[in-house]
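Remarks on the overall topology
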Amino acid sequence: MITIDNVTKRYFSLIAVDRVSFTVPRGQVLGVLGPNGAGKTTLFKLIAGFLNPDSGEIRPTHGYWPGIGYKPERLLFPNQMRVDEYLAMIARLSNISSNAIEQTVGDALAQVKLLDSSSKHIGQCSKGMRQRLALAQSLIGAPSVLLIDEPSNGLDPEGQADVQRMIQRIGAGGQTVLMSSHQLGEVTQTCSHLIILKQGRIHYRGSMAEALALRPHVTIQVDQELQPAEAMLTSLHPDIHIDGRQITLSNEAIRLRRYVLSLLVGMGFDIVGVAQKRTTLEEIYAEAVQWHNGS
Ligand code: ATP
């Protein structure tokens, strides 16, 4: 749907986005992760057309520009306007015909669960309500692509769950979504794909299913420090690691779990727990970000 081709954006001497390339196909819900200052907002502003790249190109994959809805991270509203008046103004600016404006505004307010506050002045809205209003604004005109910068900033847990469900519905309905978030659980729940940025560069790119299927591992908890047995256990396989009272077997070493369990019992350890786990997004994120620090 949109192709980002070797895009670089500088602010004076600072390179905020550095030779970034990826394609977002129709219907994908892409999580854009990265630490503060990684370049997520700059990337969204480039895709929305608010900034021009210094080099590289952002183009529609199929020849015509899709409608784009943008929910910014920093929210600036005319506080003296009412919620419904403001959305009606956005609808008019989006060329919605006058007889469809009321319906369009009502639908957007319903999607973000803000109908009850439609007649409030924006200045009287809470932080969470303003977030919902910003999301409603991005939905006006049913754009094919939604850029959502920090969807649940300031929302309570119920609001966060509402937003996650809303984004899942939007993706299931065929709209394309790019969302940035610092909430890794939210990204795991919501996104089909992810990229991890650091200092403007992509450090990880893949589908969520692939990411979470990576590196299964088994952890065994015992009742005493494993240090006396560490040398013997780690000599069995390079993918066996000891940490305090826990032993982790990764990749091929998983096949040795029965043998390791029998050794541990033979050595007098009590087995407190055994768990088979998959990599979490937290681990993938930490690795992508650390890889940069170490490089
Ligand atoms: P956060 O998670 O904190 O919102 P981000 O990943 O969205 O961060 P950006 O806001 O895109 O990051 O910023 C990327 C880099 O560009 C940062 O070093 C930031 O200080 C810098 N930057 C952003 N906007 C400007 C600007 N208008 N002028 C100069 N530098 C800027």
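This one's a predicted model, so the numbers in the text were calculated from it and none came from an experiment.

Looking now at the pattern of salt bridges. Inspection of every chain in the model, using the stated rule, returns 10 salt bridges. One salt bridge in this structure joins Asp-84 and Arg-82, with 2.7 Å as the shortest N-O distance. Given a relative accessible area of 18%, Asp-84 falls into the buried group. For Arg-82, a relative accessible area of 28% gives the class partly exposed. Residue Arg-255 pairs with Glu-252 through a salt bridge whose shortest N-O separation is 2.9 Å. A relative accessible area of 68% means that Arg-255 is categorised as exposed.

As a further point, take the sheet that holds strand β1 (residues 2-11). Here three strands make up an open sheet; going across it, the order is β2-β1-β4 and the pairing antiparallel. Among the strands making up the open sheet, the edge pair consists of β2 (14-24) and β4 (55-60). Across the sheet, the mean angle from the axis of one strand to that of its neighbour is 20 degrees, orientation sign disregarded. Pairing of β1 with β2, which is carried by seven bridges, proceeds in the antiparallel orientation. Among the inter-strand pairings, Ile-2 is bridged to a residue of β2, identified as Val-24.

Time to look at a nonpolar patch on the surface. On the surface, Tyr-11, Phe-12 and Leu-14 cluster together to form a nonpolar patch covering roughly 390 Å² of accessible area. Among the structural elements, Phe-12 can be located in the loop between β1 and β2.

Each assigned domain of the protein chain is listed here: domain 1 (2-212) and domain 2 (215-277). Using only C-alpha atoms to locate each centre, domain 1 and domain 2 end up separated by 44 Å.

Take the packing of aromatic side chains next. The geometry of two aromatic rings is summed up by the distance between their centres and the angle between their planes. Applying the stated criterion to the full structure yields two aromatic pairs. Residues Phe-50 and Tyr-70 carry aromatic rings whose centres are separated by 5.2 Å and whose planes lie at 65 degrees to one another, so their mutual orientation is edge-to-face. Placement of Phe-50 in the loop between α1 (40-48) and β4 and of Tyr-70 in strand β5 (residues 68-71) is noted, with a sequence separation of 20 residues between them. Here Phe-50 falls in the exposed class, since its relative accessible area comes to 54%. The exposure class assigned to Tyr-70 is buried, which follows from its relative accessible area of 13%. Relative to Tyr-86, the ring of Phe-77 has its centre 5.3 Å away and its plane inclined at 85 degrees; by these criteria the two rings are edge-to-face. Neither residue differs from the other here; Phe-77 and Tyr-86 are each classed as buried.

Residues of α1 that are buried: Lys-40, Thr-42, Leu-43, Phe-44, Leu-46 and Ile-47. Following α1 by one or two positions, Gly-49 has its phi on the positive side, about 90 degrees.

Residue placement: His-237 occurs in the loop between α8 (230-234) and β11 (240-243). Measuring from C-alpha to C-alpha, the distance between His-237 and Glu-252 comes to 8.6 Å, with 15 residues separating the pair along the chain. Excluding residues that lie within four positions of it along the chain, His-237 makes contacts with Glu-252, Ala-253 and Leu-256. A distance of 3.0 Å separates the side chain of His-237 from the backbone nitrogen of Asp-239, its partner in a polar contact.

Turning our attention to the site of the ligand. Asn-36, Gly-37, Lys-40, Thr-41 and Thr-42 are the nearest of the 13 residues found near the ligand. Within the contact set of the ligand, an oxygen atom lies 2.9 Å away from a side-chain nitrogen or oxygen of His-182. Contact with the protein chains hides 64% of the accessible area of the ligand, taken as 640 Å² for the molecule alone. Contributions of two or more residues to the shell around the ligand are made by β2 and α1. For the shell around the ligand, a count of residues per class yields five nonpolar, six polar and two charged.

A separate point is helix α2 (residues 83-93). Two residues of an α-helix separated by three or four positions point the same way, owing to the 3.6 residues in each turn. Every buried residue belonging to α2 is among Val-83, Asp-84, Tyr-86, Leu-87, Ala-88, Ile-90 and Ala-91, and all of these are buried. Where the residues of α2 are buried, they touch α3 (101-111) and α4 (127-139). Backbone geometry just downstream of α2 places Asn-95 in the positive-phi region, at approximately 65 degrees.

Definitions and cut-offs
Residues numbered from 1 in each chain as written. Predicted model: local features only at pLDDT ≥ 70, side-chain atom pairs only at ≥ 80, totals over all residues. Heavy atoms only, no water. Salt bridge = Lys/Arg side-chain N within 4 Å of Asp/Glu carboxyl O. Buried < 20%, exposed > 50% of the residue type's maximum accessible area, 1.4 Å probe, protein only. Pairing = 2+ DSSP bridges. Helix = DSSP H or I, 4+ residues; strand = E, 2+ residues; numbered from the N terminus. Axes fitted to C-alpha atoms, helices over the stretch in contact; angles between N-to-C directions. Patch = residues over 30% accessible without salt bridge, like charges linked within 9 Å, V, L, I, M, F, W, Y side chains within 5 Å. Areas by Shrake-Rupley, 256 points an atom, 1.4 Å probe, with all protein chains shown as cover. Domains from an automatic or database assignment. Phe/Tyr/Trp six-rings, centres within 6.5 Å; stacked < 30°, edge-to-face > 60°. Contact = heavy atoms within 4.5 Å. Polar contact = N/O pair within 3.5 Å; in protein donor to acceptor, adjacent residues only side chain to side chain. Near = heavy atom within 4 Å. Nonpolar A, V, L, I, M, F, W, Y, C, P; charged D, E, K, R; others polar.

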